[in-house]
Amino acid sequence: MSTDLVPRQDRLAWWAHMSAHEIAPIALSSEHADDFRGRAYSVDLTAARVAEYATSPLKGRRTPAHIRRHDPDGYWLFLVHNSAVRLEQGHNDSVLEPGEISLFDTSHPFATEFVDAGELTRLTLMFMPKQALPLPHGKVDQLLARKLPARTGTGAILTRYLTGLREQAADCDPAELPRLGTIGIDLAAAFLAGHLDTDRHLPGESHHRVLAARIDAFIDHHLGDPSLGPTVIATHHHISVRTLHVLFQKRRETVSATIRRRRLERCRADLADSRLRDRPIGEIALRWGFKTTAEFSRAFRAAYDMSPREHRQQALVTEEPTAAVLRLH
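The rules behind these values
- Residues numbered from 1 in each chain as written.
- Predicted model: local features only at pLDDT ≥ 70, side-chain atom pairs only at ≥ 80, totals over all residues.
- Heavy atoms only, no water.
- Phe/Tyr/Trp six-rings, centres within 6.5 Å; stacked < 30°, edge-to-face > 60°.
- Buried < 20%, exposed > 50% of the residue type's maximum accessible area, 1.4 Å probe, protein only.
- Helix = DSSP H or I, 4+ residues; strand = E, 2+ residues; numbered from the N terminus.
- Salt bridge = Lys/Arg side-chain N within 4 Å of Asp/Glu carboxyl O.

Chemist: Would you mind going over the packing of aromatic side chains with me for this structure?
Modeler: Across all of its chains, the model carries nine aromatic pairs by this definition. Residues W14 and W15 carry aromatic rings whose centres are separated by 6.3 Å and whose planes lie at 50 degrees to one another, so their mutual orientation is tilted. In this structure W14 comes out as partly exposed when scored by relative accessible area, which is 26%. Ring centres of W15 and Y53 lie 6.0 Å apart, and the angle between their planes is 80 degrees; this geometry places the pair in the edge-to-face category. Highlighted residues: W15 in helix α1 (residues 11-22) and Y53 in strand β3 (residues 49-55), separated in sequence by 38 residues. On the accessibility criterion, W15 (3% relative accessible area) is buried.

Chemist: Explain unusual backbone geometry here, please?
Modeler: Glycine aside, residues mostly have negative phi, and peptide bonds are mostly found in the trans state. One non-glycine residue with positive phi stands out, namely H238, at about 55 degrees. When you line up the elements, H238 lands in the loop between α7 (230-236) and α8 (241-248). You will see that D305, though not glycine, has its phi angle at about 60 degrees, which is positive. Looking at D305, the relative accessible area reads 52%, which means it is exposed.

Chemist: Could you clarify how one ought to interpret the pattern of salt bridges in this entry?
Modeler: Taken as a whole, this structure holds 15 salt bridges when the rule is applied. When the shortest N-O distance is used, the salt bridge between E265 and R261 registers 3.2 Å. Here the residue E265 and the residue R261 both occupy positions in helix α9 (residues 255-271), the gap between them amounting to four residues, near one helical turn. The partly exposed category is assigned to E265, whose relative accessible area is 31%. Measuring nitrogen to oxygen at the nearest pair gives 2.7 Å for the salt bridge that ties D270 to R287. Remark: R287 occurs in helix α10 (residues 281-287) and D270 occurs in helix α9; sequence separation between them is 17 residues.

Distances and angles like these do not, on their own, reveal function.
Set out below in structure tokens:
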């Protein structure tokens, strides 16, 4: 959705109407009413809903009258991408800087102000029904409108989840979207519990899903390390190798197969990148954790039915990724 399709004089009112429908009824005002711009993208994940917004600076206020008109009875997680955003609810009043997260409750009045930074303010929001968040609501209310740093640990994983969701959702079978919603709520619950020191309140299934998300992020970050394997992963996450393998039993591939597949995918993308045409194949293989060029070539041919050199030649001629089917066991 975009204001580009709306007459200039109607854009702010249209945005307020859209926000009331997508978020909750709220009064909006802006010093940029005459040249207001906004873009929105939303994906319904059944258990949750995630939306991306880019908007001209504005102020918003949700009053008791708005709440009586309509209350979704949930929490909105609020991730700021660029310019600062002020958020006020209850006894808390915070200015969120880029990379910080906050939370607001649709059942209580709140106010927000997007600080003018000479560009559209970009945000990602995730709506969670209160009954879906496995934490005591009295505890969660302590975090309303508080600044919640999110650059490390579960916060960093949650941020990557939120920022990458548009691409993830676009590539997913619709039947997978509810699972993405469940993962999002689990990550949010673990992140919030960490700020409340209430990890013990998380259900066992949530703990397992959050642990799996942390392990996936760890694998992606350390693919270039040739020593990466089940023992390293288990040690880093303070679990046994057996527990790690149990976590992967619900997947279609083992821990080692997951590492090999992701390394091959990175190598395959680099080989098809025209900017890397002069980089030796062996160097690309070593970059992504293969110990020898011969080992990489064997794995690549087994997965894609062609050699790395053949794939590079084909990709650079067509300047498109090949449609080879990956077959890993």
